Every structure is written in structure tokens, then in C-alpha cells.
Amino acid sequence: MTSWEHNSVITLTKNENFHGADDVSMNEIKFFLSDDSNNMLTNFKNDTWQLIDDVPTNEIETLKTEYPEEFVVAGQIGTYYVCWNINEPLLPEA
């Protein structure tokens, strides 16, 4: 990892000292970070980004038509939890 701009982009650069460096064909990979699905879709459509993992729900049918080979609906693995604040009352007092 050669740079990380918080909430913006992570840059990975090929390490020539890596034991398999001759087999690595990309010199640099940028991972753009965004929580805004509209922003992600705009960057994908203008060819700034090559992969996004979220789209606005109302765009799904259009994307299936516009990008029949590229658009894929797939599950994501994640860990989810609920944390209760036990220092605050859950219900208002009557």
C-alpha cells in the first residue's frame, strides 16, 4: 500500500521485490472509497471506476439492460452485530 487518503482512495503499487513480481501485470491499483451509490454509479458510467459494489435500487432494471454482461447481483459476506447502550433507558418513562 503506497497511499491511503481517508474516505477517498487507497493506492496499491507493484512491489518489484515481490517473489512473483514478473507475473504481476498491473503496476498500480486504486480503490476508491464512497458510501454514496449515486456517486459510485456516476464514476462507473464515465469510466473513472471499473468496479462498484452498490447501485441505487431504482437503477437496477436500467443497468440490467445497459450493462447485460457487466451487471451482476451477488451477495456479500459480512459480520453484523447490535450493540445496546445499557446506560440509556430504552423506553421513555410514563
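Note that the structure is a prediction, hence the values are computed from the model and not measured.

### Some thoughts on helix H1 (residues 37-45)
Every buried residue belonging to H1 is among Ser37, Met40, Leu41, Asn43 and Phe44, and all of these are buried. Projected down its long axis, H1 carries its buried residues within an arc of 165°, all on one side. Buried residues in H1 make contact with helix H2 (60-66). Its side-chain oxygen placed 2.9 Å from the backbone nitrogen of Asn38, Asp36 serves as the N-cap of H1. Immediately downstream of H1, the backbone of Asp47 shows phi near 65°, a positive value.

### Focus: the pattern of salt bridges
On inspection of all chains with the given rule, the structure shows three salt bridges. In this structure, the salt-bridge partner of Lys45 is Glu66, at a minimum N-O distance of 3.5 Å. With Lys45 in helix H1 and Glu66 in helix H2, this residue pair connects regions lying 21 residues apart in the sequence. Note on Glu66: relative accessible area 42%, which makes it partly exposed. A salt bridge links Glu61 to Lys64; the nearest nitrogen and oxygen atoms lie 3.4 Å apart. Of the two residues, Glu61 and Lys64 are both situated in helix H2; the distance of three residues between them amounts to about one turn of the helix. Residue classification places Glu61 among the exposed residues on the basis of a relative accessible area of 54%.

Calculation rules
Residues numbered from 1 in each chain as written. Predicted model: local features only at pLDDT ≥ 70, side-chain atom pairs only at ≥ 80, totals over all residues. Heavy atoms only, no water. Buried < 20%, exposed > 50% of the residue type's maximum accessible area, 1.4 Å probe, protein only. Helix = DSSP H or I, 4+ residues; strand = E, 2+ residues; numbered from the N terminus. Arc of directions from axis to C-beta. Contact = heavy atoms within 4.5 Å. Polar contact = N/O pair within 3.5 Å; in protein donor to acceptor, adjacent residues only side chain to side chain. Salt bridge = Lys/Arg side-chain N within 4 Å of Asp/Glu carboxyl O.

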